[in-house]
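Spelled out from the first residue to the last, the chains are:
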Amino acid sequence: MPMIEFHNVHKWYGDFHVLKGVTDAVEPGEVLVICGPSGSGKSTLIRCVNRLEEYQKGHILFEGRDIHGDDVDVNRLRCDIGIVFQQFNLYPHLSVLKNITLAPVKVKKTPRAEAEELALALLERVGIHAQAKKFPAELSGGQQQRVAIARALAMRPKVMLFDEPTSALDPEMINEVLNVMKDLARDGMTMLCVTHEMGFAREVADRVVFMDHGEILEGAPPGEFFGNPRHDRTRLFLKEIL
Amino acid sequence: MAYNFDFGQVISGEYGQWLVSGLVTTLHISAVSIVLSLALGTAVAVLRLSKVRPLVWASAAYTEFFRNTPLLVQIFFWYFGSYNVLPTAVNDWLARRDFEFACGVIALTVYTSAFIAEEIRSGVFSIPKTQLEASRACGLSFLQAMAYVILPQAFRVVIPPLISQFLNLIKNSSLVMTIGVMDLTYMARQIEAHTFHGFEAFTVSTAMYLCISLMVSLGVNLYNRRVLHARAR
Amino acid sequence: MRKAAWISAAVCLAVLCAAPFATAGKLDDVKSRGVLVAGVKDSQPPFGYVDEKTNQIVGFEIDLMEALAKRLGVKLELKPVTSSTRIPMLAQGAVDIVAATMTHKKEREDQIDFSITYFMTGQKLLVKKGGGVASAADLAGKKVASVKGSTSEQNVKKAQPGCTVISFETYPEAFLALKQGKVQAMTTDESILVGIRNSDDNPEAWEIVGDYISPEPYGLGLPENDSDFRDAVNLALMDMWETGEYQKIYEKWFGPGKKDHLPLTWKMELWP
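Residues numbered from 1 in each chain as written. Chains lettered and ligands numbered in written order. Predicted model: local features only at pLDDT ≥ 70, side-chain atom pairs only at ≥ 80, totals over all residues. Heavy atoms only, no water.

Colleague: Which parts of the structure should I look at to understand the overall build of chain B?
Modeller: Within chain B, the regular secondary structure consists of 10 helices and zero strands. Going from N to C terminus, chain B has its helices and strands arranged as α-α-α-α-α-α-α-α-α-α. By the burial criterion, 55% of the 233 residues in chain B qualify as buried. Counting only contacts in chain B whose residues sit at least 6 apart along the sequence, the fraction spanning at least 24 positions is 79%. For chain B, the accessible area works out to roughly 10,200 Å², and carbon and sulfur atoms hold 70% of it. (Helix = DSSP H or I, 4+ residues; strand = E, 2+ residues; numbered from the N terminus. Buried < 20%, exposed > 50% of the residue type's maximum accessible area, 1.4 Å probe, protein only. Contact = heavy atoms within 4.5 Å. Areas by Shrake-Rupley, 256 points an atom, 1.4 Å probe, with all protein chains shown as cover.)

Put into structure tokens, the structure is as follows:
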């Protein structure tokens, strides 16, 4: 059974048709990279998965269950789906450690000591163990984004969504974040990544899809996708970005 | 004939004690009302922000109604108006207790909470929407996100306007004397009635109000600097 | 913040120092002006209130002031005062004399002078008929309504330390509290209680009970330390009593058959 299934998903912002019947499936452990020009609806698509965005037509299934089903508690659903934003969105009034433990303690009722232990382990994993007591504003952009990844991982999600995680970073910090993501991919995490980092896609993606004007035009393993794109628009896009 | 100033008479002896007991009452009613109005105001603001239509309407109606009617009318409404609504047994029960003080607290709390709700709401608007999004995305409910992420940040922004609401409350508390609560202004009036030294009594009570206000202002600012802002540079 | 505090202190001081110094010899003043300016109540029937038909201030104290002005050979001008404005207005010379249901108390003496007593009443209780309160002694553990700016609160506290006094702004509010059962009695001068009881749709439901909790001798407020003027006023009052003019005015407002009937049971102090 696929982890996530999109069935003919349509979304409108007023008159603007953002998603025009997206259909796809993501298998457990699969790393899917979604690329495409800005305004193509790729961010909107992954934000539909954890219901940060509503869609008007079609279905999205998570582990076989409709995410808008009556039996689905949106807060429970979100515990299983981690997300990392372009702008990090850390809580500025809380320390790094508290940023990470807040949701496990308040939502999952994990004992504080246990949550902190996990948080420190995650910080170790993303390589900023020493910064636990600091506040977000005291960290560099790359460090903040790694904290954001640790914050999402602290809920032990089954899927991770990445919404252009490196777009707001200075070039020298991009790799430290990508390395964490690669590490995660190698550990078998199911990942949906909206990104322009084609090197990352080539290296760790199981599949790359190209979105334009609210549609998935094509999708293929990276070798095939980059080596032999079928659509003109894909070719044009790759020429511009590479 | 000039007015004879005699501060000694109003700050010593029996009249001095009256002023002190008035001061204690004013501090008591202000402190209780400040705490309650902050809690109620926050709750009303959260309802307004909830996106659940009936709650939003109820909250909007509450703020507009209680912000835009005179406090004095509200005090009378709670004190005299409640009689016509409540059953006789409840009225009798209340009459045997310190209903005057309770009505004073209710009126001050409800009135001020309407203003505080608006301040907090505007404070929440100044926090980026992505903060709510990020916390909801981690599985926090709307109320949890408000309590742990949005409001702690919003409070910092609204501290200056909150201070002025607290100071307004302290000054407004002098209106509760209309239903017989023996606060500072009431005592000053009584001293005037007894001795005709109204200027002195009101000068002393004014100085006391000024001291309370300055202390509240200083206290909240210190709390803001030491506790709230110390944590996030 | 500190600057603001200094400015407010300076403003307070300026206001306090602004109380002007009046000239000596109020009697000469009044006579040369040809007008006696009296501070009176305008909402305290039957002592001083605005008559609904004529829109003029009328009442017992107004008639008394007319009689005084006649004796001084001057015209009368009325200025409404309240409990909180009557003293500053007298001290600043905005009014020459105050006739506003003011009880003559020793403690009030160092701000102004008083005439001899021109009306004698006493503090009593207004209660619901059959409500179980017959005197101050029955008030232990109960609430009593009074009105601010009066001394009745302290008096009833002295008569019955076990009662709680709730003071209101006006008599109608105090009476409403009594009607709603929030208090078990209201207390003030008997002369005022009579008027309040009669203002109810059903006066029979209420009664005025008990002995005088305190005597309330009303005196006219006069400028401090001006004995010429004080003598003139006192002699005029005694003259009114002796010639029967006072009694005539009293009958007009408090006589038998009047709404606020109150028998005349005291005698004015008359100097031989």
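Having seen the model, we can carry on.
Colleague: Is there a simple way to think about the nonpolar core in this case?
Modeller: Most often, soluble globular proteins have nonpolar side chains that are buried together. In terms of nonpolar packing, the biggest core is built from 85 residues, with I4, F6 and L192 of chain A touching the most fellow members. When residues in this core are grouped by element, the largest group, 15 residues, is from helix 8 (residues 142-172) of chain B. The next biggest cluster of nonpolar side chains, apart from the first, holds 74 residues, and it includes V30, F229, V233 and M268 of chain C. (Core = buried A, V, L, I, M, F, W, Y, C linked by side-chain atoms within 4.5 Å.)

Colleague: Looking at this structure, I do not really get the packing of helix 3 (residues 60-72) of chain C against helix 9 (residues 245-254) of chain C. What am I missing?
Modeller: The geometry of a pair of packed helices is captured by two quantities: the angle between their axes and the separation between those axes. Residues and elements named next belong to chain C. Relative orientation of the contacting elements helix 3 and helix 9 amounts to 160°, with a least axis distance of 9 Å. Comparing the axis directions of helix 3 and helix 9 gives the class roughly antiparallel. Note that helix 3 runs across helix 9; the crossing there is right-handed. Residue-level inspection shows F60, D63, L64, A67, K70 and R71 of helix 3 in contact with helix 9, the latter providing E245, Y246, I249, Y250, K252, W253 and F254. For the contact of helix 3 with helix 9, the class distribution of residues is eight nonpolar, no polar and five charged. (Axes fitted to C-alpha atoms, helices over the stretch in contact; angles between N-to-C directions. Parallel < 35°, antiparallel > 145°, perpendicular 65-115°, else oblique. Left-handed = near helix turned anticlockwise from the far one by under 90°. Nonpolar A, V, L, I, M, F, W, Y, C, P; charged D, E, K, R; others polar.)

Colleague: So what exactly am I meant to see when it comes to a nonpolar patch on the surface here?
Modeller: All names here are of chain B. Together, F5, F7 and I11 make up a nonpolar patch on the protein surface, roughly 270 Å² of accessible area in all. Inspection of the secondary structure assignment puts F7 in helix 1 (residues 7-11). On the basis of relative accessible area, F7 is assigned to the partly exposed category, the value being 32%. (Patch = residues over 30% accessible without salt bridge, like charges linked within 9 Å, V, L, I, M, F, W, Y side chains within 5 Å. Salt bridge = Lys/Arg side-chain N within 4 Å of Asp/Glu carboxyl O.)

Colleague: Would you explain the environment of D239 of chain C in this entry?
Modeller: Residue and element names in this part refer to chain C. Mapped onto the fold, D239 is located in helix 8 (residues 227-243). Classification of D239 as partly exposed rests on a relative accessible area of 31%. Considered as a pair, D239 and L270 are 31 residues apart in the sequence and their alpha carbons are 9.0 Å apart.

Colleague: How should I be thinking about the side chain of E53 of chain A in this particular structure?
Modeller: Mapped onto the elements, E53 of chain A comes out in the loop between helix 1 (42-49) and strand 4 (57-62). Among residues more than four places away in sequence, those in contact with E53 of chain A are K11, Y13, T44, R47 and C48 of chain A.

Colleague: Is there a simple way to think about the state of the cysteines in this case?
Modeller: Linking two cysteines covalently via their sulfur atoms produces the bond known as a disulfide. What the rule picks out here adds up to zero disulfides over all chains. Just so you know, C48 of chain A is unpaired, no disulfide at all, and the nearest cysteine sulfur is the one on C193 of chain A, 17 Å from it. Here C79 of chain A stays free of any disulfide, with the sulfur of C138 of chain B as its closest cysteine sulfur at 8.9 Å. Classification of C79 of chain A as buried rests on a relative accessible area of 6%. (Disulfide = S-S within 2.5 Å.)

Colleague: Can you walk me through helix 6 (residues 171-186) of chain A in this structure?
Modeller: Each turn of an α-helix holds 3.6 residues, which means side chains three or four residues apart point in the same direction. All names here are of chain A. Over its 16 residues, helix 6 extends 23 Å from the first C-alpha to the last, a length consistent with the 22 Å expected when each residue adds 1.5 Å. Of all the residues in helix 6, the buried ones are M173, I174, V177, L178, V180, M181, K182, L184 and A185. Those residues of helix 6 that are buried lie in contact with strand 3 (31-35), helix 4 (112-125), helix 5 (141-153), strand 7 (159-163), strand 8 (190-194) and helix 7 (198-204). Immediately beyond the C-terminal end of helix 6, within one or two residues, lies G188, with a positive phi of roughly 95°. (Expected span 1.5 Å × (residues − 1).)

Colleague: Where do I start with the packing of aromatic side chains in this structure?
Modeller: Aromatic ring pairs are defined here through the distance separating the ring centres and the angle between the ring planes. Enumeration over the complete set of coordinates arrives at 32 aromatic pairs over all chains. With a centroid separation of 6.2 Å and 85° between ring planes, the pair formed by Y49 of chain C and W253 of chain C is classed as edge-to-face. Placement of Y49 of chain C in strand 3 (residues 48-50) and of W253 of chain C in helix 9 is noted, with a sequence separation of 204 residues between them. Y49 of chain C sits in the partly exposed class, given a relative accessible area of 21%. Since its relative accessible area comes to 12%, W253 of chain C is described here as buried. Between W241 of chain C and Y246 of chain C, the ring centres sit 5.2 Å apart and the planes meet at 35°, which makes this aromatic pair tilted. Given a relative accessible area of 12%, W241 of chain C falls into the buried group. The ring centre of Y91 of chain A lies 4.6 Å from the NZ or CZ of R151 of chain A, which sits over that ring. When the ring centre of Y79 of chain B is taken as reference, the NZ or CZ atom of K182 of chain C above it lies at 4.9 Å. (Phe/Tyr/Trp six-rings, centres within 6.5 Å; stacked < 30°, edge-to-face > 60°. Lys NZ or Arg CZ within 6 Å of the ring centre and 35° of its normal.)

Colleague: How should the sheet that holds strand 8 of chain A be read in this particular structure?
Modeller: Sheet strands line up and pair through hydrogen bonds in the backbone, either parallel or antiparallel. All names here are of chain A. Spatially, six strands are ordered 6-7-8-3-9-10 in an open sheet, and the strand pairing comes out mixed. On the outer flanks of this sheet lie strand 6 (81-84) and strand 10 (215-220), each paired with one strand and no other. Averaged over all pairs of adjacent strands, the angle between their axes in this sheet comes to 20°, without regard to strand direction. Sheet contacts for helix 5: strand 6 and strand 7; angle to strand 6, the most-contacted strand, approximately 170°. In the packing of helix 6 onto the sheet, contacts are made with strand 3, strand 7 and strand 8, and the angle to strand 8 comes to roughly 145°. (Pairing = 2+ DSSP bridges.)

Colleague: Mind showing me how you'd approach the side chain of K41 of chain C here?
Modeller: All names here are of chain C. Relative to the elements of secondary structure, K41 occurs in the loop between strand 1 (35-40) and strand 2 (43-44). For K41, which is buried and forms no salt bridge, the nearest opposite charge comes from E61, at a distance of 7.2 Å. Separated by 3.3 Å, the side chains of K41 and T101 make a polar contact. When sequence neighbours within four positions are dropped, the list of residues in contact with K41 reads G48, Y49, I57, I62, V81, S83, R86, A99, A100 and T101. (Lys, Arg positive; Asp, Glu negative; His and termini not counted. Polar contact = N/O pair within 3.5 Å; in protein donor to acceptor, adjacent residues only side chain to side chain.)

Colleague: Any chance you could explain the pattern of salt bridges here in plain terms?
Modeller: Any two side chains of opposite charge can pair, so long as their charged atoms come close to each other. Scanning the entire structure with this criterion turns up 33 salt bridges over all chains. For E64 of chain B, the salt bridge goes to R67 of chain B, with nearest N and O atoms at 3.1 Å. With a gap of three residues between them, E64 of chain B and R67 of chain B both fall in helix 3 (residues 53-67), about one helical turn apart. Across the salt bridge formed by D96 of chain C and R33 of chain C, the nearest N and O atoms sit 3.0 Å from each other. Here R33 of chain C lies in helix 2 (residues 26-33) and D96 of chain C lies in the loop between helix 4 (86-91) and strand 6 (97-99), a separation of 63 residues in the sequence. Taking the relative accessible area as the measure of exposure, R33 of chain C reaches 39% and is therefore partly exposed. When salt bridges with common partners are traced through the structure, they connect K11, R47 and E53 of chain A together with E133 of chain B into a single cluster.

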